[in-house]
Amino acid sequence: MPIDPTLPYDPNNIFAKILRGEIPNKTVYEDEWALAFHDINPQAPVHVLVIPKGPYVSWDDFSARASADEIAGFIRAVGQVARDLGLVEPGYRLLANIGQHGHQEVPHLHVHIFGGRQLGLMLPR
């Protein structure tokens, strides 16, 4: 069910639990700013989620409240994961679902990295 990104951060969301080590994941990258792990329901041969370690509900929340170091660290982590997965040359897609119209389902900012095949149109026409 899509969430309202204007609500306060819920520290019991699934990604907060993953960050605390309460729920296992298949980590592909971690640094002080971000954690990246395989999606449990992959939609492409490569489907990895990258989440900031701070408590941010959405891109709007993150861009308004995160420090410059957090923002730079998170964006660099997304790029590093794409490089580490060998996706730069063939290409890949980034997706961040925000709010109800964007079908955001977890109230913690996350970016999907898709790759490993031709991905088709960005949106259905």
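Just above, that's the structure.
Along each chain, residue indices are assigned from 1 in the same order as the chain's sequence is written. Given that the model is predicted, a residue must reach a pLDDT of at least 70 before its local features are reported, and side-chain atom pairs must reach 80 or more before they are shown or counted; all residues, however, enter totals for whole chains, interfaces and linings. Water and hydrogen atoms were dropped before computing side-chain values, which therefore reflect all heavy atoms in the structure.

Chemist: Can you lay out the overall build of the chain for me, pointing to particular residues and giving the numbers?
Modeler: Scanning the chain for helices and strands turns up three helices and five strands. Mapped in sequence order, the helices and strands of the chain form the string α-β-β-β-α-α-β-β. What the globule rule says is 2.2 Å times the number of residues to the power 0.38, and the radius of gyration is computed from C-alpha atoms. In terms of overall dimensions, the chain is globule-like: its C-alpha atoms have a radius of gyration of 14 Å, near the 14 Å expected for 125 residues. Its C-alpha atoms give the chain principal-axis dimensions of roughly 40 × 35 × 30 Å. Here the term buried applies to any residue with accessible area under 20% of the maximum for its type, exposed to any over 50%, and partly exposed to those in between, with areas from a 1.4 Å probe on protein chains only. Per-residue burial for the chain yields a buried fraction of 38% across its 125 residues. Computed with the Shrake-Rupley method and a 1.4 Å probe, the accessible areas treat only the protein chains shown as cover for residues. A total accessible area of about 7600 Å² is found for the chain, and carbon and sulfur atoms account for 55% of it. When charges are counted, Lys and Arg are positive and Asp and Glu negative, with His and the chain ends excluded. Working definition for charges: the position is that of NZ of Lys, CZ of Arg, CG of Asp or CD of Glu. Of the charged side chains in the chain, 10 are positive and 14 negative; the average position of the first set lies 6 Å away from that of the second. Secondary structure counts use DSSP, requiring at least four H or I residues in a row for a helix and at least two E residues in a row for a strand, with both numbered from the N terminus.

Chemist: An account of the layout of surface pockets is requested, with residue identities and associated values reported.
Modeler: For the largest pocket, the calculated volume is near 740 Å³. In terms of lining, the largest pocket is formed by 29 residues, of which the most central are Asp 39, His 47, Leu 49, His 110 and His 112. Every element with two or more residues in the lining of the largest pocket is listed here: α1 (14–19), β2 (34–38), β3 (46–52), β4 (93–95) and β5 (111–115). Partitioning the lining of the largest pocket into residue classes produces 15 nonpolar, 10 polar and four charged. Any residue with an atom within 4 Å of a point lines the site, the site being either a cavity, points on a 1 Å grid over the protein atoms alone where a 1.4 Å probe fits but cannot get out, or a pocket, an open set with protein on both sides within 12 Å along at least 5 of 7 lines. Grid points are joined across faces, edges and corners, and a volume is the space filled by probe spheres set on the points. Any residue that is not Ala, Val, Leu, Ile, Met, Phe, Trp, Tyr, Cys, Pro, Asp, Glu, Lys or Arg is counted as polar, Gly included; the first ten are nonpolar and the last four charged.

Chemist: Lay out the pairing of β3 in plain terms, naming residues and giving numbers.
Modeler: In the case of a regular strand, side chains alternate between the two sheet surfaces. Of all the seven residues making up β3, seven are buried; the element is thus mostly covered by neighbouring parts of the structure. Burial of the side chains of β3 extends over both faces: Val 46, Val 48, Val 50 and Pro 52 are buried on one face and His 47, Leu 49 and Ile 51 on the other. Only strands joined by at least two bridges in the DSSP assignment are considered to pair. Pairing geometry for β2 and β3, over five bridges, is antiparallel. Looking at β3, one finds that Ala 34 is bridged to Pro 52.

Chemist: How would you explain the sheet that holds β4 if you had to name every residue and give the values?
Modeler: If you trace the five strands from one edge of the open sheet to the other, you get β1-β2-β3-β5-β4, paired in antiparallel fashion. Strand pairing shows two members of the sheet lacking a second neighbour, β1 (27–30) and β4, which therefore form its edges. Adjacent strand axes in the sheet meet at a mean angle of 20°, parallel and antiparallel pairs treated alike. Judged from the three bridges that link them, β4 and β5 form a sheet pairing that is antiparallel. For Leu 95, the partnering residue across the bridge sits in β5 and is His 112. Each of β1, β2, β3, β4 and β5 touches helix α3 (residues 68–84); the most contacted strand, β3, lies at about 160° to it. Each axis is a line fitted through C-alpha atoms, taken for helices only over the stretch in contact, and angles between the N-to-C directions span 0 to 180 degrees. Whether two residues are in contact is decided by their heavy atoms, any of which lying within 4.5 Å being enough.

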